[in-house]
Amino acid sequence: MSESFRPEWSEPDLKKAAGIKLLALDVDGIMTDGKLYFTASGDEMKGFNILDGLGLKQVMAAGIEVAVITGRRSPLTAKRMKDLGIAHLMQGREDKKAALEELAGGLNLAPGAIAYMGDDLPDLPAILFVGLGITVPNGHWAVRESADICTRVAGGEGAVREICDLLLAATGALDSALRPYRELHP
């Protein structure tokens, strides 16, 4: 077999990730590259990384809830979350921590059972509130400085998938999530 490309996570990161029951995500800068694209007629366009989508489906299949909290409102975001089967979508919520507290209350989850992934200052209170605060290398320096984990890859480039793999590894579900893709089919 060839060289291993499997990420190696620290024991403290795995320990924190093992108790996560909800992964909450910002959109712009996390699920996308953070740029806003508009057509000449003013229509918005967004690019979502397909690696992130499969990772989110795997995390949900492993029993971890997924939520998206964004300060903007976008029909494109609503469509992508519907396509992925993400039931918890909170758009137009600039106070991410308040939205997260509301969601945690509704799901009866303590902050320590929540991971939040964001990249800019509006995300910082949510990152500080949860048990596992996550950001990306292209995030604001104050967010990177405060987060528990900074992904290896940038937002919109598979950073969400990186965290999904961490959560799956921490709960012992990564190998079973990979198994169907590694099996040989006649």
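Keep in mind that this is a model prediction, so the values were computed, not measured. (Residues numbered from 1 in each chain as written. Predicted model: local features only at pLDDT ≥ 70, side-chain atom pairs only at ≥ 80, totals over all residues. Heavy atoms only, no water.)

Visitor: What's the story with the side chain of Thr 32 in this structure? I'm lost.
Guide: Position of Thr 32 among the secondary structure elements: in the loop between strand 1 (22-25) and strand 2 (37-38). Relative accessible area serves as the criterion here: at 2%, Thr 32 is assigned to the buried category. Beyond its immediate stretch of four places on either side in the chain, Thr 32 contacts Val 27, Lys 46, Gly 47, Phe 48, Gly 155 and Gly 156. (Helix = DSSP H or I, 4+ residues; strand = E, 2+ residues; numbered from the N terminus. Buried < 20%, exposed > 50% of the residue type's maximum accessible area, 1.4 Å probe, protein only. Contact = heavy atoms within 4.5 Å.)

Visitor: In this structure, what is going on with the layout of surface pockets? I would like to understand it.
Guide: Remark: the empty space left among the atoms is shown by a probe the size of a water molecule rolled over them. There is about 300 Å³ of room inside the second largest pocket. In terms of lining residues, the second largest pocket is bounded by 16 residues, among which Asp 26, Asp 28, Lys 96, Asp 119 and Asp 120 are the most central. The residue inventory of the lining of the second largest pocket, partitioned by class, reads two nonpolar, five polar and nine charged. (1 Å grid on protein atoms, 1.4 Å probe; cavity = no way out; pocket = protein on both sides within 12 Å on 5 of 7 lines; lining within 4 Å. Points joined across faces, edges and corners; volume = space filled by probe spheres on them. Nonpolar A, V, L, I, M, F, W, Y, C, P; charged D, E, K, R; others polar.)

Visitor: When you look at the environment of Lys 21 in this model, what are you seeing that I'm missing?
Guide: Its place among the elements puts Lys 21 in the loop between helix 1 (11-18) and strand 1. Between the C-alpha atoms of Lys 21 and Pro 180, which are 159 residues apart in sequence, the distance is 24 Å. Discounting chain neighbours no more than four positions away, the residues touching Lys 21 are Ile 64, Glu 65, Leu 109 and Ala 113.

Visitor: Where do I start with the nonpolar core in this structure?
Guide: Most often, soluble globular proteins have nonpolar side chains that are buried together. Residues Leu 23, Leu 25, Met 31, Leu 56, Met 117, Val 160 and Ile 163 are the most contacted members of the largest nonpolar core, which totals 34 residues. Beyond its immediate stretch of four places on either side in the chain, Leu 23 contacts Leu 56, Ile 64, Glu 65, Val 66, Ala 67, Ala 115, Ile 163, Cys 164 and Leu 167. Of all hydrophobic cores here, the second largest spans 20 residues; its members include Leu 22, Ile 69, Tyr 116 and Val 130. (Core = buried A, V, L, I, M, F, W, Y, C linked by side-chain atoms within 4.5 Å.)

On their own, these measurements won't tell you what the molecule is for.
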